Each structure stands twice: as C-alpha cells, then as structure tokens.
Amino acid sequence: MKPYTDRVTLSDGATIRVRIERGITGDAVFHELNSNNWRGGGRIYWSGEGLYLMFGNELLRMQNSRFESAGTVAEAAEKALAFFVECAENCIRHAREEGIPVSQCYGD
C-alpha cells in the first residue's frame, strides 16, 4: 500500500491528501496534508474497524455514519480523505461568506 492517498483539488485550487502511518499492530494514523494549512492538519486513528478523531493524546469516535468505520486500511484512508476534504470545503465556504482569506480559518 502507498504511504499517501491520491491528491484531491479543492474548490479554491488548494490540494489535500492523507499520509498513512501504519502501526506495528495493524492499526494506522491518517495525517491530513492540506496546502491551505502548512502547520499540519487533523489526524484520524483506525484500529481494526473504528475511526477516531485525534486531539493530542485523546481519541473521539467518529459520530457520522459515513466516517465511523472501515474494514481495511485502504478503506479507512479513503474515508479519512473524504472527511478532511469535507472539512476543508466547509472552511473555504466560510471564508468566502465572511470575505476573509482561507488562511485565517487555519489560525494564520
């Protein structure tokens, strides 16, 4: 399996993909790589089936049925990518509505 998903181009021209970090027990962490946010993006943990948002050392089980589970690392990586794309598009939409640069949505 590749260490990255394919890139997706967002509505503002930025790109996003996921870096896949495999664990020794078969688990994985998916790291958001968003060209709008060079400081680093979100992380999602997968272990066997469930997907969890990572906040520091805390895990929060995904609550949306589209993203809460996956049977394989490849499926989990694609769900993580879809989640990050949806979040990024929401940031882009918010920035446009407010008339601010997208970078401000990421703390710039």
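About the criteria used
- Residues numbered from 1 in each chain as written.
- Predicted model: local features only at pLDDT ≥ 70, side-chain atom pairs only at ≥ 80, totals over all residues.
- Heavy atoms only, no water.
- Phe/Tyr/Trp six-rings, centres within 6.5 Å; stacked < 30°, edge-to-face > 60°.
- Helix = DSSP H or I, 4+ residues; strand = E, 2+ residues; numbered from the N terminus.
- Buried < 20%, exposed > 50% of the residue type's maximum accessible area, 1.4 Å probe, protein only.
- Lys NZ or Arg CZ within 6 Å of the ring centre and 35° of its normal.

**Student:** If you had to explain the packing of aromatic side chains to someone new, which residues and values would you point to?
**Tutor:** Applying the stated criterion across every chain yields a total of 3 aromatic pairs. Geometrically, the ring pair formed by Phe-67 and Phe-83 is edge-to-face, given 5.3 Å between the ring centres and 80° between the ring planes. Remark: Phe-83 occurs in helix H1 (residues 73-98) and Phe-67 occurs in the loop between strand S6 (58-61) and H1; sequence separation between them is 16 residues. Each member of the pair Phe-67 and Phe-83 is classed as buried. With centroids separated by 5.9 Å and ring planes inclined at 65°, the aromatic side chains of Phe-83 and Phe-84 adopt a geometry described as edge-to-face. The same class applies to Phe-83 as to Phe-84, namely buried. An aromatic cluster is built from Phe-67, Phe-83 and Phe-84, whose rings are joined through pairwise contacts. Across from the ring centre of Tyr-4, 3.9 Å away, lies the NZ or CZ of Arg-17, which sits over that ring.

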